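# Fold and contact review
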2 protein chains.
Amino acid sequence: MPELSNASLERILRNAGAERVSAGAVETMAETMEEYGLKLSKEAVELAKHAGRKTVKKEDVKLAARRLGQI
Amino acid sequence: MPELSNASLERILRNAGAERVSAGAVETMAETMEEYGLKLSKEAVELAKHAGRKTVKKEDVKLAARRLGQI
């Protein structure tokens, strides 16, 4: 079930300098980014629980991103 | 300029098990995922150029994802 729109992903590719983009490239972007988003979210949920909260907050996502090797 | 919708990102967080999500968490998800998407796209554009193409294809995004340490 795709969560991210093709139009958004195509814009991100074009912002990165893509002149032309195949439909398959956009589809693979969607799969890869959703996989990354899910991984990031699972880390954030775990960190919120670790802090004794049911609400996922900004600081959980920030720390999750650091743990996945992204600032 | 945000490319990914808050509703999509909140769904991804909920798919990962989040019970409640703060507005700041969704905003930080957007920033982090867009940063990741841009990094992935830049790699894919570079790989397409390397292959002598102007069109970014599925195989460029797949190889870019591998280079960023994601399958």
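This text follows the structure it describes.
This text gives an overview of the structure that appears in the document. Given the structure is predicted, the values throughout are model-derived calculations rather than measurements.

Let us now look at the nonpolar core. Residues Met33 and Val56 of chain A together with Met33 and Val56 of chain B are the most contacted members of the largest nonpolar core, which totals 44 residues. Where this core is concerned, the elements lending two or more residues are helix 1 (6-15), helix 2 (23-50) and helix 3 (58-67) of chain A together with helix 1 (6-15), helix 2 (23-50) and helix 3 (58-67) of chain B. When neighbours within four sequence positions are excluded, valine 56 of chain A is seen to be in contact with Ala44, Val45, Ala48 and Val61 of chain A together with Leu13, Ala18, Arg20, Val21, Ser22 and Ala25 of chain B.

What follows covers the pattern of salt bridges. Residues and elements named next belong to chain A. Taken as a whole and assessed by the stated rule, the structure comprises 6 salt bridges over all chains. With its nearest N and O atoms 2.8 Å apart, the salt bridge here joins arginine 53 to aspartate 60. What makes arginine 53 partly exposed here is its relative accessible area of 22%.

Moving on: the packing of helix 2 of chain A against helix 2 of chain B. One way to put it is that helix 2 of chain A packs onto helix 2 of chain B with a least axis distance of 10 Å and a crossing angle of 140 degrees. The angle between helix 2 of chain A and helix 2 of chain B places the two elements in the oblique class. Helix 2 of chain A and helix 2 of chain B meet at a crossing whose hand is right-handed. Every residue of helix 2 of chain B that contacts helix 2 of chain A at Met29, Thr32, Met33, Tyr36, Gly37, Leu40 and Ser41 of chain A is listed here: Met29, Thr32, Met33, Tyr36, Gly37, Leu40 and Ser41 of chain B. Its residues assigned to classes, the contact of helix 2 of chain A with helix 2 of chain B shows 8 nonpolar, 6 polar and no charged.

With that out of the way, let us pick up the interface of chain A and chain B. With 42 residues of chain A at the interface, the matching set in chain B holds 42 residues. Summing both sides of the interface, chain A and chain B together bury roughly 3900 Å²; the carbon and sulfur share of this comes to 63%. Joining chain A to chain B, the criterion identifies 0 salt bridges. One can count 8 residue pairs in polar contact (both at pLDDT 80 or more) joining chain A with chain B. Looking at the side of chain A that touches chain B, the elements that each hand over two or more residues are helix 1, strand 1 (20-21), helix 2, strand 2 (55-56) and helix 3 of chain A. Here the side of chain A that touches chain B gets 16 residues from one element, more than from any other, and that element is helix 2 of chain A. Here the residues of the side of chain A that touches chain B sort into 19 nonpolar, 11 polar and 12 charged. Here strand 2 of chain A runs beside strand 1 (residues 20-21) of chain B; their pairing, made up of 2 bridges, is parallel. Within the sheet, the bridge partner assigned to threonine 55 of chain A lies in strand 1 of chain B and is arginine 20 of chain B.

What counts and how
- Residues numbered from 1 in each chain as written.
- Chains lettered and ligands numbered in written order.
- Predicted model: local features only at pLDDT ≥ 70, side-chain atom pairs only at ≥ 80, totals over all residues.
- Heavy atoms only, no water.
- Core = buried A, V, L, I, M, F, W, Y, C linked by side-chain atoms within 4.5 Å.
- Buried < 20%, exposed > 50% of the residue type's maximum accessible area, 1.4 Å probe, protein only.
- Helix = DSSP H or I, 4+ residues; strand = E, 2+ residues; numbered from the N terminus.
- Contact = heavy atoms within 4.5 Å.
- Salt bridge = Lys/Arg side-chain N within 4 Å of Asp/Glu carboxyl O.
- Axes fitted to C-alpha atoms, helices over the stretch in contact; angles between N-to-C directions.
- Parallel < 35°, antiparallel > 145°, perpendicular 65-115°, else oblique.
- Left-handed = near helix turned anticlockwise from the far one by under 90°.
- Nonpolar A, V, L, I, M, F, W, Y, C, P; charged D, E, K, R; others polar.
- Buried area = accessible area lost by both parts, 1.4 Å probe.
- Polar contact = N/O pair within 3.5 Å; in protein donor to acceptor, adjacent residues only side chain to side chain.
- Pairing = 2+ DSSP bridges.

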